[in-house]
Protein chains: 2
Amino acid sequence: MTRWLNVGEQAVWRVFLESHQMFFDQIGRELQQESGMPHTYYEVLVRLSEAPGRRLRMSELADRSQSSRSRLSHAVSRLEESGWVRREACPSDARGAEAVLTDEGFAALEAAAPGHVESVRRHLFDPLSPEQVRQLGEISRVLSDHLRAAGGTPHDCS
Amino acid sequence: MTRWLNVGEQAVWRVFLESHQMFFDQIGRELQQESGMPHTYYEVLVRLSEAPGRRLRMSELADRSQSSRSRLSHAVSRLEESGWVRREACPSDARGAEAVLTDEGFAALEAAAPGHVESVRRHLFDPLSPEQVRQLGEISRVLSDHLRAAGGTPHDCS
DNA sequence: ACCCGATCGTTGAACCCTCAACTGTAGTGG
DNA sequence: CCACTACAGTTGAGGGTTCAACGATCGGGT
């Protein structure tokens, strides 16, 4: 019954697993060491910095940063303690909350960005050929489209 | 100074990040729900099951499962509580310990495998063309070779 | 006006991972 | 034989994530 992986698929799966593990561990460790924040929190700050008024509803922010609502709620609590984000009540919906990027948060992001971009470049774009970068983009697009269709929203789905 | 990402690189990086996050969240969640173990632990059981005598030195096991020594130590402790692995003293080196896969552990792995393989197939191999699978393997190989050269062993490096 | 299901967001417990510090043993040079 | 460094593995604290449960509000149907 089970459609087992053949030898070639096995090999691809294993090296894929290995490279992702190594890559994200490395990227995350470098960001943590240089800027004192996990990659997830960096993503949150980025999405906020791009939003008009540097503010977003919690659930919009969760969607844009591929985070569950719960994870984001914890993350924003932590980021509030660092003084990088603050919560504000949402005027149009009494249930809602908005996360607002503070000036300190924006400064922290500006300080973290160059080193992080350099990490990504060194470990991802430099070793790959332009053609491989293109392929990786296309592969990623197919996978995330497929997952979005099959899995609904990232987490907390029905 | 900073070599910022151009528009195309930005787009590739973001969709890559997104697909990675969604994919591993999905795979991990399915494995956790169906078999009650995180993907990391599954990997540990797999490596043990492939070793002669279904046993390996802790640090060899750590290397093969892309894990830090610390992580593996915690993981094996947890797996011992489940009765899936046991520790034995290493005869040739009094510092060392061996992790041994128990029959219950092997059975748990056999029970988990079909569902996990199915997840991987559904979310990775099915949506990609054979050519894309080949490309993904090659890209992954380049990245992990590069990281191994630049970063030393996975974690706990000097 | 009222109910009721859906949505927004939070909380706490359990779990996993990281990091740094630590124990104990191996191997090596004097 | 004695340091002394290097190695194997563990431990505990701190922090991030998940999951399920919860309080609160919204909005449509009656």
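See the structure shown above.
Asks: Sorry, what's going on with the relation of the copies chain A and chain B here?
Replies: The second copy of the chain is related to the first by a rotation about an axis and a shift along the axis. When chain A is fitted to chain B, the residual RMSD is 0.1 Å, and the transformation amounts to a turn of 180 degrees plus an axial shift of 0.0 Å. The transformation relating the two chain copies, once decomposed into turn and shift, fits a two-fold axis. A share of 100% of interface residues in chain A that are also interface residues in chain B marks the association as one of identical surfaces.

Asks: When you look at the environment of B:Met58 in this model, what are you seeing that I'm missing?
Replies: Residues and elements named next belong to chain B. Within the fold, methionine 58 resides in helix H3 (residues 58-64). Taking the C-alpha atoms as reference points, methionine 58 and arginine 87, separated by 29 residues in sequence, lie 9.2 Å from one another. If we ignore the near neighbours within four places in the chain, the residues touching methionine 58 are Leu72, Ser73, Val76, Arg87, Ala97 and Ala99.

Asks: Would you explain empty space enclosed by the protein in this entry?
Replies: A probe as big as a water molecule, rolled over the atoms, marks out the empty space that is left. Enumeration according to the criterion identifies three cavities of 30 Å³ or more in this entry. Empty space within the largest cavity amounts to approximately 100 Å³. Lining the largest cavity are 15 residues, and of these A:Phe16, A:His20, A:Leu136, B:Phe16 and B:Leu136 sit closest to its centre. For the lining of the largest cavity, the elements supplying multiple residues, two or more each, are helix H1 (7-35) and helix H6 (130-151) of chain A together with helix H1 (7-35) and helix H6 (130-151) of chain B.

Asks: Any chance you could explain the sheet that holds strand E1 (residues 55-57) of chain A here in plain terms?
Replies: Paired through their backbone hydrogen bonds, the strands of a sheet run either parallel or antiparallel. Residue and element names in this part refer to chain A. Reading across from one edge, E1-E3-E2 is the order of the three strands in this open sheet, with antiparallel pairing throughout. Where the open sheet ends on each side, the last strands, each with one partner, are E1 and strand E2 (85-89). Within this sheet the neighbouring strands show an average axis-to-axis angle of 30 degrees, counted without direction. The sheet contact formed by E1 and strand E3 (residues 97-101) spans three bridges and is antiparallel. The residue of E3 that forms the bridge with arginine 57 is glutamate 98.

Asks: Would you take a moment to explain the protein's contact with DNA strand D for this structure?
Replies: Of all residues adjacent to DNA strand D, which total 24 residues, the nearest are A:Thr40, A:Ser70, A:Arg78, B:Ser59 and B:Arg87. For DNA strand D, the fraction of protein-proximal atoms (within 4 Å) that sit in sugar or phosphate groups is 73%. B:Ser59 places a main-chain nitrogen or oxygen 2.7 Å from a phosphate oxygen of DNA strand D. The residue inventory of the surface near DNA strand D, partitioned by class, reads five nonpolar, ten polar and nine charged.

Asks: Help me out: how do you make sense of the sheet that holds strand E3 (residues 97-101) of chain B in this one?
Replies: All names here are of chain B. Judged by pairing direction, the sheet is antiparallel, and its three strands sit side by side in the order E1-E3-E2 without closing on themselves. For this open sheet the edge positions go to strand E1 (55-57) and strand E2 (85-89), each flanked by a neighbour on one side alone. Averaged over all neighbouring strand pairs, the angle between strand axes comes to 30 degrees, with direction disregarded. Strands E1, E2 and E3 of the sheet are contacted by helix H2 (residues 39-50), whose axis makes an angle of about 90 degrees with E3.

Definitions and limits used
- Residues numbered from 1 in each chain as written.
- Chains lettered and ligands numbered in written order.
- Predicted model: local features only at pLDDT ≥ 70, side-chain atom pairs only at ≥ 80, totals over all residues.
- Heavy atoms only, no water.
- Least-squares fit on C-alpha atoms with pLDDT ≥ 70 in both.
- Contact = heavy atoms within 4.5 Å.
- Helix = DSSP H or I, 4+ residues; strand = E, 2+ residues; numbered from the N terminus.
- 1 Å grid on protein atoms, 1.4 Å probe; cavity = no way out; pocket = protein on both sides within 12 Å on 5 of 7 lines; lining within 4 Å.
- Points joined across faces, edges and corners; volume = space filled by probe spheres on them.
- Pairing = 2+ DSSP bridges.
- Axes fitted to C-alpha atoms, helices over the stretch in contact; angles between N-to-C directions.
- Near = heavy atom within 4 Å.
- Polar contact = N/O pair within 3.5 Å; in protein donor to acceptor, adjacent residues only side chain to side chain.
- Nonpolar A, V, L, I, M, F, W, Y, C, P; charged D, E, K, R; others polar.

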